[in-house]
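What follows is the residue order along each chain.
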Amino acid sequence: NAGVMQNPRHLVRRRGQEARLRCSPMKGHSHVYWYRQLPEEGLKFMVYLQKENIIDESGMPKERFSAEFPKEGPSILRIQQVVRGDSAAYFCASSPLSRSDTGELFFGEGSRLTVL
Amino acid sequence: AQSVTQLDSHVSVSEGTPVLLRCNYSSSYSPSLFWYVQHPNKGLQLLLKYTSAATLVKGINGFEAEFKKSETSFHLTKPSAHMSDAAEYFCVVTDNFGNEKLTFGTGTRLTIIP
């Protein structure tokens, strides 16, 4: 049973470009979470999605960031017009039910975005 | 509101000696608490979790943690460190009232001295 798959693992963008990060949850998992880890910091919650629905996006910056989890295919975290401050590791996690029911999230290995 | 404080940003121990990584939490409701480990350039792996059952929780790789409500602590311990334990460790809290967000501590980097 494959784990949470994220790609690309490493992404380099110039300021003003767009970054798209993809996450395929574990088989059978319908809940996806995105977290951001800035250098030397812990992970910060960004958004929680179920299939075709954004449940909680209270951690998402108001501009330039968006997320989706379509009926078919992976979840996508999209960052438009990237700036140097967007450089971070972005982690996706999934769970079969809501986290509060299962108590555990399964994390991918992260996508490391570098903005030049 | 919930928060977690990891008291040490770096801990160094010799191989074969005990490990203690400290964590204090704050939660408005009955909390769930977790310890995750992150090896360099890897994702996070769950070590153990407390969800209001036994207060002494045993995890993988010989780690355990004790939930102490009176001290609002959830310290991680291991009797004997191994070189493979070198990693970043995160203490995590969430309350159990439909809160989907995990709140992470800033991490403790564990170094094992040969």
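Read on for a plain summary of the structure. (Residues numbered from 1 in each chain as written. Chains lettered and ligands numbered in written order. Predicted model: local features only at pLDDT ≥ 70, side-chain atom pairs only at ≥ 80, totals over all residues. Heavy atoms only, no water.)

Observations concerning the interface of chain B and chain A
The partner chain A presents 24 residues to the 22 residues of chain B that form the contact. Of the roughly 1800 Å² buried between chain B and chain A on both sides combined, carbon and sulfur atoms contribute 50%. There are one salt bridge connecting chain B and chain A. With a closest N to O distance of 3.9 Å, E109 of chain A and K42 of chain B form a salt bridge. If you look at where chain B meets chain A, you find three residue pairs in polar contact (both at pLDDT 80 or more). Breaking the side of chain B that touches chain A down by element, the ones donating at least two residues are β5 (31–38), β6 (44–50) and β10 (87–95) of chain B. (Contact = heavy atoms within 4.5 Å. Buried area = accessible area lost by both parts, 1.4 Å probe. Salt bridge = Lys/Arg side-chain N within 4 Å of Asp/Glu carboxyl O. Polar contact = N/O pair within 3.5 Å; in protein donor to acceptor, adjacent residues only side chain to side chain. Helix = DSSP H or I, 4+ residues; strand = E, 2+ residues; numbered from the N terminus.)

What to know about the side chain of Q6 of chain A
All names here are of chain A. Structurally, Q6 is set in strand β1 (residues 5–7). Overall, the relative accessible area of 8% leaves Q6 in the buried class. Engagement of the side chain of Q6 in a polar contact is seen with the backbone oxygen of Y90, the distance being 2.9 Å. Within the structure, Q6 has its side chain in polar contact with the backbone nitrogen of C92 (distance 3.0 Å). Not counting residues within four places of it along the chain, the set of residues in contact with Q6 comprises R22, C23, W34, Y90, F91, C92, G108, E109, G110 and S111. (Buried < 20%, exposed > 50% of the residue type's maximum accessible area, 1.4 Å probe, protein only.)

Some words on the packing of aromatic side chains
Tallying each qualifying case throughout the model produces 13 aromatic pairs over all chains. When the ring of Y33 of chain A is compared with that of Y48 of chain A, the centres are 4.5 Å apart and the planes differ by 5°; the resulting orientation is stacked. Taken together, the positions of Y33 of chain A in strand β4 (residues 31–37) and Y48 of chain A in strand β5 (residues 43–50) put the pair 15 residues apart, joining distant regions of the chain. These aromatic residues form a ring-pair network of at least three members: Y35, F45 and F107 of chain A together with F34, Y36, F90 and F104 of chain B. (Phe/Tyr/Trp six-rings, centres within 6.5 Å; stacked < 30°, edge-to-face > 60°.)

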